[in-house]
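If you want the building blocks of each chain, they are given just below.
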Amino acid sequence: MNANDMLPPGLLQSANDLATQFLRDINGVTAVVVATVDGFALASAFNGDNDAGRIAAMASSISAIGSVVAMEAGLGTYRSVTINTESGFVVVHAVPRRDVELVINVIADGNAILAQVVHRVGTVARQLMI
């Protein structure tokens with residue numbers, strides 16, 4: 001039995017469908033990975049070559065840092081972290097389910113509009129919480 005066998009029915013399919021649709025709908029998005037908070041990739045969609053395992057591990061680390069910063073600053077529960085670079089950005093967003101904590105990592109190039117990505121990742125997070 002692997003870790004995916006312990007996930008709620010339909011979660012993997014839903015996560016894959018949402019990742020694929022996200023990538024298809026938002027210009028400039030190059031990767032969408034849905035992972036467990038401890039860094040195991042569950043679903044992914046890419047434009048080009050990417051490693052879902054590496055991206056999931058990165059999202060886990062960024063999520064942990066965001067959580068600690070939010071707590072230490074007294075700002076409440078962590079929701080997301082955005083990293084802006086010279087040629088794009090990364091958004092890491094928490095999905096606090098009761099049965100399994102997830103994190104969504106979206107990588108976008110300079111053609112993406114940050115507000116569109118942030119809005120969509122929030123929508124996807126809500127859909128994955130159901």
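Residues numbered from 1 in each chain as written. Predicted model: local features only at pLDDT ≥ 70, side-chain atom pairs only at ≥ 80, totals over all residues. Heavy atoms only, no water.

As named in an unreviewed UniProt entry, the protein is Roadblock/LC7 domain-containing protein, taken from Massilia violaceinigra.

**Overview of the packing of aromatic side chains**
Where two aromatic rings form a pair, the distance of their centres and the angle of their planes describe that pair. Summed over the entire model, instances satisfying the criterion amount to zero aromatic pairs. The cationic tip of arginine 120 hangs over the ring face of phenylalanine 22; the distance from NZ or CZ to the ring centre is 5.7 Å. (Phe/Tyr/Trp six-rings, centres within 6.5 Å; stacked < 30°, edge-to-face > 60°. Lys NZ or Arg CZ within 6 Å of the ring centre and 35° of its normal.)

**Here's the deal with the packing of helix α1 (residues 11-25) against helix α3 (residues 114-128)**
It is the contact of α1 with α3, at a shortest axis distance of 11 Å, that shows an interaxial angle of 165 degrees. Put simply, α1 runs roughly antiparallel to α3. Relative to α3, the crossing made by α1 is right-handed. Two secondary-structure elements touch here, α1 through Leu11, Ser14, Ala15, Leu18, Gln21, Phe22 and Asp25 and α3 through Val117, Arg120, Val121, Val124, Gln127 and Leu128. (Axes fitted to C-alpha atoms, helices over the stretch in contact; angles between N-to-C directions. Helix = DSSP H or I, 4+ residues; strand = E, 2+ residues; numbered from the N terminus. Parallel < 35°, antiparallel > 145°, perpendicular 65-115°, else oblique. Left-handed = near helix turned anticlockwise from the far one by under 90°. Contact = heavy atoms within 4.5 Å.)

**Section: the layout of surface pockets**
Looking at the largest pocket, its volume works out to about 310 Å³. For the largest pocket, the lining is made up of 18 residues, of which Tyr78, Arg79, Ala94, Val95 and Pro96 are closest to its centre. Elements supplying a minimum of two residues to the lining of the largest pocket: α2 (52-72), β4 (88-96), β5 (101-109) and α3. The residue inventory of the lining of the largest pocket, partitioned by class, reads nine nonpolar, six polar and three charged. (1 Å grid on protein atoms, 1.4 Å probe; cavity = no way out; pocket = protein on both sides within 12 Å on 5 of 7 lines; lining within 4 Å. Points joined across faces, edges and corners; volume = space filled by probe spheres on them. Nonpolar A, V, L, I, M, F, W, Y, C, P; charged D, E, K, R; others polar.)

**So, the pattern of salt bridges**
Applying the stated criterion to the full structure yields two salt bridges. A salt bridge links aspartate 25 to arginine 120, with the shortest nitrogen-to-oxygen separation between them at 2.6 Å. Of this pair, aspartate 25 sits in helix α1 while arginine 120 sits in helix α3, and the two are 95 residues apart along the sequence. The closest approach of N and O atoms between arginine 97 and aspartate 99, which form a salt bridge, is 2.8 Å. Relative accessible area serves as the criterion here: at 11%, arginine 97 is assigned to the buried category. According to the relative accessible area criterion, aspartate 99 is partly exposed, its value standing at 46%. (Salt bridge = Lys/Arg side-chain N within 4 Å of Asp/Glu carboxyl O. Buried < 20%, exposed > 50% of the residue type's maximum accessible area, 1.4 Å probe, protein only.)

**Some words on the sheet that holds strand β2 (residues 41-46)**
An order of β2-β1-β5-β4-β3 is seen for the five strands of this open sheet, with the pairing classed as antiparallel. Across the chains shown, the open sheet's two edge strands, defined by having one partner strand only, are β2 and β3 (80-85). When strand polarity is set aside, the average angle formed by the axes of neighbouring strands in this sheet is 10 degrees. Here β3 runs beside β4; their pairing, made up of six bridges, is antiparallel. Counted as the bridge partner of threonine 85 is glycine 88 from β4. Together, β1 (29-36), β2 and β5 form the strand contacts of α1, whose direction differs from that of β2 by roughly 25 degrees. (Pairing = 2+ DSSP bridges.)

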